[in-house]
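Read off the chains here:
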Amino acid sequence: MVEEDEVISMCRLLRSETGLGVGGSTGAVIAAFVRQARLATTPMSAVAVIADGSDNYRATIYDDSWLRSNGLRQPVRTPSSPRFSVRHSSEPRRGPVAR
């Protein structure tokens, strides 16, 4: 299970690191993936489908005063925050594709 503060932190991290504004469900998926990826003992690649955007969350996830008024802590980026590589579906694929 992914806690609410992890979701909010991940949404904001994705926006600051990649420019992608995402909603809560995407933040939860990516936070869970990052947690599992840190446990991996071998290199891996993964794909995540971003199902929602940030438009509906401007007044909540991305609003510091809303977070404070609802008793949620403001996300803080830590040195252990993941780095992301983003490839849009319109970019050419590199290497073989599993079918």
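Structure: above.
Criteria and cut-off values
- Residues numbered from 1 in each chain as written.
- Predicted model: local features only at pLDDT ≥ 70, side-chain atom pairs only at ≥ 80, totals over all residues.
- Heavy atoms only, no water.
- Helix = DSSP H or I, 4+ residues; strand = E, 2+ residues; numbered from the N terminus.
- Buried < 20%, exposed > 50% of the residue type's maximum accessible area, 1.4 Å probe, protein only.
- Areas by Shrake-Rupley, 256 points an atom, 1.4 Å probe, with all protein chains shown as cover.
- Expected span 1.5 Å × (residues − 1).
- Contact = heavy atoms within 4.5 Å.
- Salt bridge = Lys/Arg side-chain N within 4 Å of Asp/Glu carboxyl O.
- Arc of directions from axis to C-beta.
- Core = buried A, V, L, I, M, F, W, Y, C linked by side-chain atoms within 4.5 Å.
- Axes fitted to C-alpha atoms, helices over the stretch in contact; angles between N-to-C directions.
- Parallel < 35°, antiparallel > 145°, perpendicular 65-115°, else oblique.
- Nonpolar A, V, L, I, M, F, W, Y, C, P; charged D, E, K, R; others polar.

(A) Seen up close, the overall build of the protein chain. Helix and strand counts for the protein chain come out as three helices and zero strands. When its helices and strands are written in sequence order, the protein chain yields α-α-α. Counting the 99 residues in the protein chain, one finds 23% classified as buried. Surface exposure of the protein chain reaches about 7,300 Å², of which carbon and sulfur atoms provide 52%.

(B) Just helix 1 (residues 4-18), in detail. Taking 1.5 Å per residue as the helical rise, helix 1 with its 15 residues ought to reach 21 Å, and the 21 Å between its terminal C-alpha atoms agrees with that figure. Within helix 1, burial applies to Val7, Ile8, Met10, Cys11, Arg12, Leu13 and Leu14. Buried residues belonging to helix 1 abut helix 2 (24-39) and helix 3 (64-69). Count one or two residues on from helix 1 and you reach Gly19, which has phi positive near 85°.

(C) Expanded view of the pattern of salt bridges. With the rule as written, the count across this model stands at three salt bridges. For Glu6, the salt bridge identified is with Arg35, shortest N-O distance 2.7 Å. With a gap of 29 residues between them, Glu6 in helix 1 and Arg35 in helix 2 connect regions that are remote in the sequence. On the accessibility criterion, Glu6 (29% relative accessible area) is partly exposed.

(D) Highlighting helix 2. Over its 16 residues, helix 2 runs 23 Å from end to end, which matches the ideal 22 Å to within 8%, given 1.5 Å per residue. Buried residues of helix 2: Gly24, Thr26, Gly27, Ile30, Ala31 and Val34, and no others. The buried residues of helix 2 occupy one face: seen down the axis, they fall within an arc of 150°. Check the buried side of helix 2 and you find it contacts helix 1.

(E) Molecular detail of the nonpolar core. In this structure, Met10 and Cys11 are the most contacted members of the largest nonpolar core, which totals 14 residues. Listing elements by their share of this core, those giving two or more residues are helix 1 and helix 2. The contact partners of Cys11, leaving out residues within four places of it in the chain, are Leu20, Val22, Gly23, Gly24, Gly27, Ile61 and Tyr62.

(F) Fine view of the side chain of Thr26. Looking at where Thr26 falls in the secondary structure, it is placed in helix 2. Those residues in contact with Thr26, other than ones at most four positions away along the chain, are Ile50, Ala51 and Asp52.

(G) View of the packing of helix 1 against helix 2. Contact geometry of helix 1 with helix 2 gives a least axis separation of 8 Å together with a crossing angle of 95°. Viewed along their axes, helix 1 and helix 2 adopt a mutual orientation that is roughly perpendicular. Along the contact surface, helix 1 presents Glu6, Val7, Met10, Cys11 and Leu14, while helix 2 presents Gly24, Gly27, Ala28, Ile30, Ala31, Val34 and Arg35. Within the contact of helix 1 with helix 2, the residues separate by chemical class into eight nonpolar, two polar and two charged.

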